[in-house]
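Tertiary structure, described
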Amino acid sequence: MRAALVGYSSSEEEEEEEDGGRRGGGAQEPPPASASRPRLPVPAGLPGDPEPEEAVNDDSSRHGGRVRRFPHERGSWATHVYLPYSVQEEFLELLELLVSRARTYVASLAAMEEFHLSLSQCVVLRYHWIDPFVRSLKERLAPFHRFFCVADQVKVYTNENKTRTFIGLEVSAGHFQLLELVSEVDRALEEFDLPTFYKDPSFHISLAWCVGDMSGRLEGQCLRELQDIVDGFEDAALLLRLQWDQVRCKSGNKYFSFPLR
């Protein structure tokens, strides 16, 4: 089995490098939605536009071996739309069991500190696009209700350029609601000529990661052992039935929250 591709080449790098992860930084309420949103041309050289930043030292050794997908430039903000997951103590116990077992195959695996389910790739927004993008998201996501999904299938993922490998819990029930959300997020992205989400996404919550393509070591026997741990964990069926009550957008160091009804 080949490891699935996942768009982690920038989102978590930007979050950790620019804002020390998702700790703190309360969500900001986006401005009111506009009545109509014509497709926006790409602006260039607008008055007050920040000047390009001087060269940034992208020494991967300073960031756990992570490599940027795109160069850092002042005025361009890495942006990601996702469902945030607040873990319970039992989830952390399960995580510890899984990571401990997986480390017998890949010792460099590190557990994630924050958890989410992605609804977009990491894209680059110009600073003056952030508010209209947030308004579009707010309007498009307003009709959605809270819902549940089940994430109980262990899977191995790699990012697009194979510089990082992830172990995640893939969603086995709740795809329809997730695809509906992605469809509206995609429409907002298209207004700004930004890349949409994957056509056949594997919705999941990442649990652990390591540098390099280690999928060959983690698939097969290791993956079977990890799935056995999940299947045998007490109250796993209830624990991994996840309720989503908000969508969140992170752009640079700004957070925007969109509560579901």
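Residues numbered from 1 in each chain as written. Predicted model: local features only at pLDDT ≥ 70, side-chain atom pairs only at ≥ 80, totals over all residues. Heavy atoms only, no water.

This part takes up helix α2 (residues 89-102). In this model, α2 (14 residues) spans 20 Å end to end at C-alpha, consistent with the 20 Å of a helix rising 1.5 Å per residue. Buried within α2 are the following residues: Phe 91, Leu 94, Leu 95, Leu 98, Val 99 and Ala 102. Down the axis of α2, the sector holding all buried residues measures 130°, keeping them to one side. Turned more than 90 degrees from where α2 packs its buried face, Glu 89 and Glu 96 sit exposed. (Helix = DSSP H or I, 4+ residues; strand = E, 2+ residues; numbered from the N terminus. Expected span 1.5 Å × (residues − 1). Buried < 20%, exposed > 50% of the residue type's maximum accessible area, 1.4 Å probe, protein only. Arc of directions from axis to C-beta.)

A few words on the pattern of salt bridges. By the definition in use, this model includes five salt bridges. With a shortest N-O distance of 2.8 Å, Glu 184 and Arg 187 are connected by a salt bridge. Remark: Arg 187 and Glu 184 occur in helix α4 (residues 175-190); sequence separation between them is three residues, near one turn of the helix. The exposure class assigned to Arg 187 is partly exposed, which follows from its relative accessible area of 38%. Each member of the salt-bridge network shares a partner with another, and the members are Arg 140, Glu 184, Arg 187 and Glu 191. (Salt bridge = Lys/Arg side-chain N within 4 Å of Asp/Glu carboxyl O.)

Once that is clear, we can look at the environment of Arg 248. Along the chain, Arg 248 turns up in strand β10 (residues 246-251). Reaching out from Arg 248, the side chain makes a polar contact with the side chain of Gln 246 at a distance of 3.4 Å. (Polar contact = N/O pair within 3.5 Å; in protein donor to acceptor, adjacent residues only side chain to side chain.)

Okay, unusual backbone geometry next. With a phi angle near 55°, Asp 193 is a residue other than glycine that sits in the positive phi range. Here Asp 193 is to be found in the loop between α4 and β8 (204-211). A residue is classified by how much of its surface remains accessible, and Asp 193, at 45% relative accessible area, is partly exposed. The phi angle at Asp 235 is positive, at roughly 60°, despite the residue not being glycine. Of note, Asp 235 is situated in the loop between α6 (221-232) and α7 (236-239).

Quick look at the packing of aromatic side chains now. Summed over all chains, the structure comprises eight aromatic pairs. Put simply, the rings of Tyr 85, Phe 91, Phe 115 and Trp 244 pair up and form one aromatic cluster. Note that Arg 164 overlies the ring of Trp 209, its terminal NZ or CZ placed 5.5 Å from the centroid. Sitting over the ring of Phe 148, Arg 241 keeps its end group 3.8 Å from the ring centre. (Phe/Tyr/Trp six-rings, centres within 6.5 Å; stacked < 30°, edge-to-face > 60°. Lys NZ or Arg CZ within 6 Å of the ring centre and 35° of its normal.)

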